[in-house]
Amino acid sequence: YHILLIEQELIYHLKLLILNMLNILLGETGESFSSIALALDSDDSEVAHYAASFLQSKMDSFRETVRKMQQKIEADDIEEEECQEQTLQLIQYMNHMLKQKVFTQVEQIDYVKQMEQLGEKLFQNGRDRITPACYECILGRIMDLREYDRAELWGSRFSEQYPDHLSSYKLRLKLYFETNQ
């Protein structure tokens, strides 16, 4: 009787994993990479294979999109409002993927640096266009890397530009907590 219950539970779990992967492939989970990570750990090699293929496809798409958008931004004039808007969009796009932490450490560091460089260009040429959400993206990813000096710089900029914004205080508190200040 107990073996039958265990078998039923295993079959149910496998069906959930397969259904989860199908939902991801159909785009019905909002690009939840944590769901993909769960499927990667599956004992079912087919589910794990589809999960790995899907994740690799998303990562390749991300790399290509970032490369193309970077080239477009480089070709345009950063002082133009349209270029500044594209820069903001790229930072948000990069953040969406980077916060999932699916890249190798080397790639993660490289893309966060690219994101920070985009933010720096925007800060130097269109500071008033940097939104609190943009600061949160940059500061959050830098703090993920434990690059606290750089995080302090962006935290200062954030609180100077948006002194009454709650998230600037929250992120600065998190930074101080992590650095034991």
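Residues numbered from 1 in each chain as written. Predicted model: local features only at pLDDT ≥ 70, side-chain atom pairs only at ≥ 80, totals over all residues. Heavy atoms only, no water.

## Examining the overall build of the protein chain
Across its full length, the protein chain holds eight helices and zero strands. The order of helices and strands in the protein chain, counted from the N terminus, is α-α-α-α-α-α-α-α. Among the 181 residues that make up the protein chain, the fraction classed as buried is 38%. Expressed as a percentage of contacts within the protein chain between residues at least 6 apart in sequence, the contacts between residues at least 24 apart total 59%. Accessible surface computed for the protein chain: about 11,000 Å², of which carbon and sulfur atoms make up 54%. (Helix = DSSP H or I, 4+ residues; strand = E, 2+ residues; numbered from the N terminus. Buried < 20%, exposed > 50% of the residue type's maximum accessible area, 1.4 Å probe, protein only. Contact = heavy atoms within 4.5 Å. Areas by Shrake-Rupley, 256 points an atom, 1.4 Å probe, with all protein chains shown as cover.)

## A look at the state of the cysteines
Scanning all chains against the criterion turns up zero disulfides. Cys 134 provides the cysteine sulfur closest to Cys 137, a residue in no disulfide bond, and the two sulfurs are 6.2 Å apart. (Disulfide = S-S within 2.5 Å.)

## Some thoughts on the packing of aromatic side chains
Under the definition given, this model contains nine aromatic pairs. Pairing Phe 103 with Tyr 111 gives two aromatic rings, centres 5.4 Å apart and planes at 45°, and the pair type is tilted. Across this residue pair, the class does not change: Phe 103 and Tyr 111 are buried. Between Tyr 135 and Tyr 162, the aromatic rings sit 6.2 Å apart at their centres with planes inclined by 75°, giving edge-to-face as the arrangement. With Tyr 135 in helix 6 (residues 132-144) and Tyr 162 in the loop between helix 7 (148-161) and helix 8 (166-178), the pair connects residues that are 27 residues apart, well separated along the chain. Overall, the relative accessible area of 21% leaves Tyr 162 in the partly exposed class. Three or more aromatic residues link up through ring pairs in this structure, and these residues are Phe 123, Tyr 135, Trp 154, Phe 158 and Tyr 162. (Phe/Tyr/Trp six-rings, centres within 6.5 Å; stacked < 30°, edge-to-face > 60°.)

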